[in-house]
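Descriptive analysis of the structure
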Amino acid sequence: MNVHGNHGKNRGHESEVRWIISSVIDDLTLSSLNAVNSYLSSVIYVLFIWAECVLYVKKVLVFFASMEWYCYALLGIITALMSFFMDMTVAKLLNAHQWLYRCLKGHHLLQFLCWTLYPACLCALSTSFAHSICPFSAGSGVPEARAILLGMDMPDYLSLSNLFAKLFGLICTLASGSTVFLGKVGPFVHLSVMVGAFMSRLHVSSAKGEMLVVASAVGVASCFGAPVSGVLFSIEVMGTHYSVRNYCPCFFAAACGAITFRLLSVCSTDQETIQALFKTSFSSDLPYQPFEIFIFVLCLSFDWMPGDICCDLTQSCLLFEFIILSRKSLYSAIVAFLLACFTFYHSAGHFIASELTMKQLLTSLLDDTSWYSVSQNASALPEPQKTFWQAWNPPGKSYFQTLGFFITAKVGLLVVACTLPLPAGYFMPVFVYGAAVGRLVGEGSAYFLSDGISSAKSLINPGGYALAGAAAFSGAVTHTLSPALLALEMTGQCSHAVPALVATLVSNAVARAKHRPSFYDGISLIKKLPHLPSLIRYSTMMVLLNEMSLSQSDSLRLWLYHVFYFFPCLPDSPTLLGTINKSQLREHLHQHRNEVIEVIMC
């Protein structure tokens, strides 16, 4: 009986304990639910107030302008931020490399390893990262962006993964320095187009094509702080047939991007005030004699020759890389290592000023001081002009030999570097190369006319020849005139506007007379990307076929843009499927409309 009594008492205690525990749990649960309810109520109230504030701000903003214009401004600001922080990151990486290289002075083997392994590792990292995240991020991106603007549906080239892969890969490529000798303009235009695609998704009322055209102009404007040439670039390169309604949005967004980029430079103490990226100080009293224009035209009109050779060799090497290349990271590392071996100072680097970065190369070439006059008293030069002079005039060599070898060697080095399967631009290397050609012409003129010109005794300005040479050569390679305006905006120099524009026009005309595709057109042909020919010629045949209602075919609508080459093929939606040649078109039309064949044959 006692045992059973003890068990009964224990059960009573257990039930009391369970009751107490359940009561405590119920109280805690009730208090927790009350706390959660009050918290959720506060959050919902804050979100409601925030939504009301956003709607009010939107209403106020729409009162002044439509939301598209704010999207254009935001596009320019975001792109400028990307450009500025990319430049800052690349500058820090380049400074770290130069610091390490200087610390190893006197140890040639260690300097060689530092000089060669650094760009090789960066190029391998850029290639592996780009192709592992998004294999479409390699290359310039301008031909693909242009194909998208023409109506091709290429969502992989506008994806978020492509954006991050191209951004990181481009930073690694630029950090390789002048050893690899590649730029950022083309990939950054592609990055800007990708940002524009995301902006158009956020604001569905704006047309996607219009936002992408605006983004292409912002890309150039945010690279150099040059809004006018950015808009002209979007007209000449990105849009085969430009819509006038995009003119004002392009200028507005490009101006926002250029102003933001320059303000960031001032805030970071890189510049004291808002000024050109490569500020020059050419004399405006008598910048050049009238007869010098003939020197500009005659000498710089031959810029198409190395440009033509460079385009042909680059397209051949790109075709080789496009067909048989399999191990891309290893290939990039090997090519970068070989380029670094050639540009090492104790190898052939002291003949081509290899220790200068891309920015330093262009700054030294645009210097208005004649190197012939500098050679008379080089010890009195301040920094950084003294460093530039020592790079271009190494011991035992003259600056004529250095410039000549730079022009000769950089053609082959640039062609090899263009085959690297990583995010890289090709405009800036061509621009620097043209500046070197112009500088050689200017220094030769200054040497033979060292006593001045005519009775005014005005000295030759080699920097002006470098400016015109950069514009002429890059214009001949790309078949555009925007480099002439870009050269003026980059340097803030308007005194040489006429020589730069005339030299660009002449070199462009000579390059186009050979009926060869431009650099970007050549890449489009290699990658078999669609491109529309001009609408100017054979417009009467287009009107004739438009009147014949070819769109009655259920499978395709065929619009004729060019009689002798290709026809763009479009379905019912405004999406470009591709192109069709004349024989295939005739065969197709023979199956549907026999009477159309007779008209085309005539």
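Keep in mind that this is a model prediction, so the values were computed, not measured. Numbers given to residues run from 1 along each chain, matching the order in which its sequence is written. Selection of residues for local features in this predicted model requires a pLDDT of at least 70, selection of side-chain atom pairs for listing and counting requires 80 or more, and totals for whole chains, interfaces and linings are taken over all residues. To obtain the side-chain values, all non-hydrogen atoms of the structure were included, while hydrogens and water were left out.

Time to look at the UniProt feature "transmembrane region" (unreviewed entry) in the chain. Residues annotated by UniProt as "transmembrane region" (unreviewed entry) correspond here to residues 39–57, 69–86, 117–142, 163–182, 211–232, 244–264, 330–353 and 399–422. Numbered from the N terminus, helices here are DSSP runs of H or I no shorter than four residues, and strands are runs of E no shorter than two. The annotated region residues 244–264 carries 86% helix and 0% strand content, and the separation between its end C-alpha atoms amounts to 31 Å. Secondary structure content for residues 330–353 is 58% helix and 0% strand, and the end C-alpha separation is 28 Å. UniProt positions are given in the numbering used here, feature names are shortened, and annotations may be inferred rather than shown by experiment.

Any pair of Phe, Tyr and Trp rings, taking the six-membered ring for Trp, is counted once the centres come within 6.5 Å. Such a pair is stacked with planes under 30 degrees apart, edge-to-face with planes over 60 apart, and tilted for the rest. Applying the stated criterion across every chain, the model contains 21 aromatic pairs. Seen in terms of ring centroids, Phe112 and Phe337 are 6.3 Å apart; in terms of plane orientation they differ by 80 degrees. Their pairing is edge-to-face. Residue Phe112 is found in helix α3 (residues 108–133), and its partner Phe337 is found in helix α12 (residues 328–343); the two are separated by 225 residues along the sequence. The interplanar angle of 65 degrees and the centroid separation of 5.4 Å between the aromatic rings of Trp392 and Phe406 together place this pair among those described as edge-to-face. Linking Trp392 in helix α15 (residues 385–392) with Phe406 in helix α16 (residues 399–417), this pair joins segments that are 14 residues apart in sequence. The pair Trp392 / Phe406 is uniform in exposure class, with both members buried. By way of ring pairs, the aromatic residues Phe181, Trp371, Trp392, Tyr399, Phe400, Phe406 and Tyr447 are connected into one cluster. Looking at Lys184, its charged tip hangs above the ring of Phe188, at a distance of 5.0 Å from the centre. By the criterion adopted, a ring carries a charge over it if an Arg CZ or a Lys NZ lies within 6 Å of its centre and within 35 degrees of its normal. Here Arg201 stacks its cationic end above the ring of Phe198, 4.8 Å away from the centre of that ring. Whether a residue is buried, partly exposed or exposed follows from its accessible area with a 1.4 Å probe, protein chains only, as a fraction of its type maximum: under 20%, in between, or over 50%, in that order.

Take the packing of helix α17 (residues 427–448) against helix α18 (residues 462–478) next. Note on method: axes are straight lines fitted to C-alpha atoms, helices fitted across the in-contact stretch only, with angles between N-to-C directions ranging 0 to 180 degrees. Where α17 meets α18, the closest approach of the two axes is 6 Å, and the angle between their N-to-C directions is 140 degrees. Accordingly, the angle class assigned to the pair α17 and α18 is oblique. As α17 packs across α18, the resulting crossing turns out to be right-handed. Each residue belonging to the contact of α17 with α18 can be placed in one class, and the counts come to 14 nonpolar, eight polar and two charged. Each angle receives one of four descriptions, namely roughly parallel if under 35 degrees, roughly antiparallel if over 145, roughly perpendicular if within 65 to 115, and oblique otherwise. By the definition used in this description, the sense in which the near helix is turned from the far one sets the handedness, with an anticlockwise turn below a right angle giving left-handed and a clockwise turn giving right-handed. Side-chain classes are defined by residue name, with Ala, Val, Leu, Ile, Met, Phe, Trp, Tyr, Cys and Pro counting as nonpolar, Asp, Glu, Lys and Arg as charged, and the others, Gly among them, as polar.

Looking now at helix α21 (residues 519–526). Within α21, six of the eight residues are buried, which leaves it mostly tucked inside the rest of the structure. Taken as a whole, α21 has its buried residues at Phe519, Tyr520, Gly522, Ile523, Ser524 and Ile526. Where α21 terminates, the next one or two residues include Lys528, which has phi positive at roughly 60 degrees.

Glancing now at the packing of α18 against helix α20 (residues 497–513). Here α18 crosses α20 at 25 degrees, and the two axes come no closer than 8 Å. On the basis of their axis angle, the class for α18 and α20 is roughly parallel. As for how α18 packs across α20, the hand of that crossing is right-handed. Note on element contacts: α20 touches α18 through Pro499, Ala500, Ala503, Thr504, Ser507, Asn508 and Ala511, opposite Ala468, Ala471, Ala472, Gly475 and Ala476. Per-class residue counts for the contact of α18 with α20 are eight nonpolar, four polar and no charged. Contacts were defined at the residue level, with two residues in contact if any of their heavy atoms lie within 4.5 Å.

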